[in-house]
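One letter stands for each residue in the lines below.
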Amino acid sequence: MSDFEPTIGIECHVQLKTKTKLFAAVGNDAREAEPNTLISHICLGMPGALPYLNEQAVDLACRAAFALGVEPQKFSKFDRKHYFYPDLPKGYQITQLHHPIVLGGKVKIKIDGKEKPIGVTRAHLEEDAGKNTHPEGKDYSLVDLNRAGTPLLEIVSEPDLHSAQEAKAYATELYLLMKYADVTEGDLYHGNMRFDVNVSVSKDSKLGIRTETKNLNSFKSVEKAIEYEIKRQTELIQKGKAVTQETRGWDDAKQKTTTQRSKEEAHDYRYMPDPDIPPLELTDKFINKVKSEMPVMMPDDWRYKLKGLGLNDQQIEILIQSELELQDKISILPLIEQHLSDKALAKFLANWNVNVFLPLVREGKLKLGKDYHLALEKSIYDLTNQNKLSSTNAKALFEKLISQEKLPEKVEDYAKAKGYIQVSDESEIAKIVSDVLTANPQAVEDIKKGEMKATGFLVGQVMKASRGQANPALAQKLIKSQIDKL
Amino acid sequence: MYNISHMSKISKDDVLRLAKLSNIYIDDSQIDAFAKDLAEILGYVEMLGEVDVSGLAPTEQVTGLKNVMRPDKVIDYGPSPKELLKNAPAQEKNQIKVKRVL
């Protein structure tokens, strides 16, 4: 587009998967709750209230550190960040300014087949604010404090990103890491991960003036907002105008960023150490315990293993995402892993799940209990290998069986009884072929003249006569040999 | 009395900005008095600058406590949300009503 180089940094607020708030032992799931039902004297910042740190939030922040490839900080502490806004009744937010619980880290992204590590500056624990709404035509706003105090981990990237595409890849990978490490529910629709993107453009090595677009809650809006900002800032500079350093919002309907009036004109948060929350000094024992509870296989480990099976990048990413999509319905990756010693089977399972199973799940066809899943796929694999199932029938049989709760005792017997098994008995098909050839002399003539198109037609006729049960490869072979003999 | 060796200057603008940040209203007639008081307070605190603290870790807490954490379980604190909301100056449908902010 131009010789302007964009520079992008991303701050991501990850909502931690806890039952209670960061500093109050009050329920945390505000999704369906009526306004102001999940509140306490602590959430309301009432005089004398003493915030009390949730151990699980610390545990999850440490998990996040390991997911980002670093050890959590042994020493961290909490600070007050002051500002006045109705969604923050205390008049300050408890956060970690000088000593965050995570320092450093990396998120690996892949762009055009090339790996690129994106640096993480830091990640710190902080509490979320409440929710303001502004009724149409009224002179007041309404405040719901259910969300006030929800634990967040703010993950700050280095300004290592240089395109909207890279930023989207970073956001997606961060999501995968946090989900695999079980740090967050990751419900994007409910804002469990919210991205703030800092964008500037420059022609030389000196960074340009940046804007911050806040509260993006999908990977697509991250990409689109950055694309828009790069274009807007580049055009401003090309017209000889200056970019204003400001906070912007993303209008999803209009697909553009707009200036946001700042919460406060004078930005001075007057940070101070929070005297209510004693510092954290994590012991090696605690850190090692968290480490031992981390999943053995993170996305990159799966990529490495699946690559070894000869799967392509797209299939691999679909399988990695599927773990999150399927939630606890079924877990495909471990099934494949169990069979890595039998490469052909493992590859079949990978392909089958990507091409057949996942699309059926998305159509809502899955009823079969997860204990049966592997057995069914292995039966399909065996029957296909023995030429007993055509690929069409394999899919039809599979679809039929996953929409039932249980498997029949023997899949092969069931398939036979229901007419899925293809006839590979040569003499039986030979008879059908000979009937078909007699009934279609014109096609036979065409083939003799070298018009091979007619073969397809004859195979179709054989399939029709066998009610779909003939093995088409065998039928084709027999058609050819019988015509040669004529 | 303590000796204010290098009295800090607090301007009228400083006072107004602080008032804004603290979300408090002050009358024009109060500005000079606040400027004087604040300068004195600041000057008093500046005495600390005379102490050599090189090599000392900052004191962020004086309790000596660390790792004060609770398990991730709901506690019944007593007052119900409805009772707590009674402290809000105004309400509408369980929400706290405030001066419009957007």
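Attention shifts here to the overall build of chain A. If you tally the helices and strands in chain A, you get 15 helices and 17 strands. Relative to its length of 486 residues, chain A is extended, with a C-alpha radius of gyration of 30 Å against a globular reference of 23 Å. Reported as C-alpha extents along the three principal axes, the dimensions of chain A are approximately 95 × 60 × 50 Å. Within chain A, buried positions represent 39% of all 486 residues. For chain A, the proportion of contacts with a sequence separation of at least 24, taken over those separated by at least 6, is 70%.

Much of the literature gives interface size as the accessible area that the parts lose upon coming together. The assigned domain composition of chain A is domain 1 (5–284) and domain 2 (426–485). Each of domain 1 of chain A and domain 2 of chain A was reduced to a C-alpha centroid, and the two centroids are 66 Å apart.

In this section: the sheet that holds strand 4 (residues 79–82) of chain A. All names here are of chain A. With antiparallel pairing, 3 strands are arranged side by side in an open sheet as 5-4-16. One side of each edge strand has no neighbouring strand; the edge strands of this open sheet are strand 5 (92–95) and strand 16 (272–273). In terms of strand pairing, strand 4 meets strand 16 through 2 bridges, oriented antiparallel. By the bridge assignment, Asp 79 is partnered in strand 16 with Pro 273.

Time to look at the sheet that holds strand 10 (residues 140–144) of chain A. Pairing in this open sheet of 4 strands is antiparallel, and the strands run 9(A)-10(A)-3(B)-2(B) from one edge to the other. Of all strands in the sheet, those with a lone pairing partner are strand 9 (131–133) of chain A together with strand 2 (91–92) of chain B, marking the two edges. With 2 bridges joining them, strand 2 of chain B and strand 3 (residues 95–99) of chain B adopt antiparallel strand pairing. By the bridge assignment, B:Glu92 is partnered in strand 3 of chain B with B:Gln95.

Residue and element names in this part refer to chain A. Where helix 6 (residues 313–325) contacts helix 8 (residues 343–362), the two axes come as close as 10 Å, and the packing angle between them is 65 degrees. Viewed along their axes, helix 6 and helix 8 adopt a mutual orientation that is roughly perpendicular. Crossing hand, helix 6 versus helix 8: left-handed. Together, Gln 315, Ile 318, Leu 319 and Ser 322 of helix 6 and Ala 350, Asn 353, Val 354 and Leu 358 of helix 8 make up the contact between the two elements. Residue classes in the contact of helix 6 with helix 8 are distributed as 5 nonpolar, 3 polar and no charged.

As a further point, take unusual backbone geometry. Located in the positive-phi region is A:Asn215, a residue other than glycine, with phi close to 65 degrees. Secondary-structure assignment places A:Asn215 in strand 13 (residues 211–216).

This part covers the interface of chain B and chain A. On the chain A side, the residues contacting the 33 residues of chain B number 41 residues. If you list the elements that add at least two residues to the side of chain B that touches chain A, you get helix 1 (12–21), strand 1 (69–70), helix 3 (81–85) and strand 3 of chain B. In terms of residues, the side of chain B that touches chain A owes the most to one element, strand 3 of chain B, which gives 5 residues. Examined bridge by bridge, strand 10 of chain A and strand 3 of chain B share 4 bridges and lie antiparallel to one another. Residue pairing in the sheet places A:Tyr140 in a bridge with B:Lys99 of strand 3 of chain B.

This part takes up the environment of A:Ile483. For A:Ile483, the location among the structural elements is in helix 15 (residues 472–485). A:Ile483 has contacts with A:Leu437, A:Val444, A:Ile447 and A:Lys448, leaving out every residue within four places of it along the chain.

What follows is about the pairing of strand 4 of chain A. The pairing of strand 4 of chain A with strand 5 of chain A spans 4 bridges and is classified as antiparallel. Opposite A:His82, over in strand 5 of chain A, you have A:Tyr92 as the bridge partner.

Below, the discussion takes up the confidence of the model for chain B. Predicted coordinates in regions of low pLDDT should not be interpreted in detail. Residue and element names in this part refer to chain B. Per-chain confidence: chain B averages 88 in pLDDT, with 92% of residues scoring 70 or above. Counting interchain partners and residues more than four positions distant, the pLDDT-below-50 stretch residues 1–5 has 4 contacts. In the predicted assembly, ipTM is 0.85 and pTM is 0.83.

Moving on, we come to helix 1 (residues 55–67) of chain A. For an α-helix, the turn length of 3.6 residues means that residues three or four places apart are oriented alike. Residue and element names in this part refer to chain A. Its 13 residues place the ends of helix 1 19 Å apart at the C-alpha level, agreeing with the 18 Å of an ideal helix rising 1.5 Å per residue. Most of helix 1 is tucked away, with 12 of its 13 residues classed as buried. Residues of helix 1 that are buried include every one of Gln 56, Ala 57, Val 58, Asp 59, Leu 60, Ala 61, Cys 62, Arg 63, Ala 64, Ala 65, Phe 66 and Ala 67, and no others.

Here the focus is the environment of A:Ile42. All names here are of chain A. Within the secondary structure layout, Ile 42 lies in the loop between strand 1 (5–15) and strand 2 (53–54). A residue is classified by how many C-beta atoms lie within 10 Å of it, and Ile 42, with 23 of them, is buried. In this structure, the C-alpha to C-alpha distance between Ile 42 and Arg 147, residues 105 residues apart in sequence, is 13 Å. For Ile 42, the residues in contact, after removing those within four places along its chain, are Phe 23, Ala 24, Ala 49, Pro 51 and Gly 149.

Thresholds, definitions, all that
Residues numbered from 1 in each chain as written. Chains lettered and ligands numbered in written order. Predicted model: local features only at pLDDT ≥ 70, side-chain atom pairs only at ≥ 80, totals over all residues. Helix = DSSP H or I, 4+ residues; strand = E, 2+ residues; numbered from the N terminus. Rg over C-alpha atoms; globule rule 2.2 N^0.38 Å. Buried ≥ 20, exposed ≤ 12 C-beta atoms within 10 Å, placed from the backbone. Contact = placed C-beta atoms within 7 Å. Domains from an automatic or database assignment. Pairing = 2+ DSSP bridges. Axes fitted to C-alpha atoms, helices over the stretch in contact; angles between N-to-C directions. Parallel < 35°, antiparallel > 145°, perpendicular 65-115°, else oblique. Left-handed = near helix turned anticlockwise from the far one by under 90°. Nonpolar A, V, L, I, M, F, W, Y, C, P; charged D, E, K, R; others polar. pLDDT = per-residue confidence, 0-100. Expected span 1.5 Å × (residues − 1).

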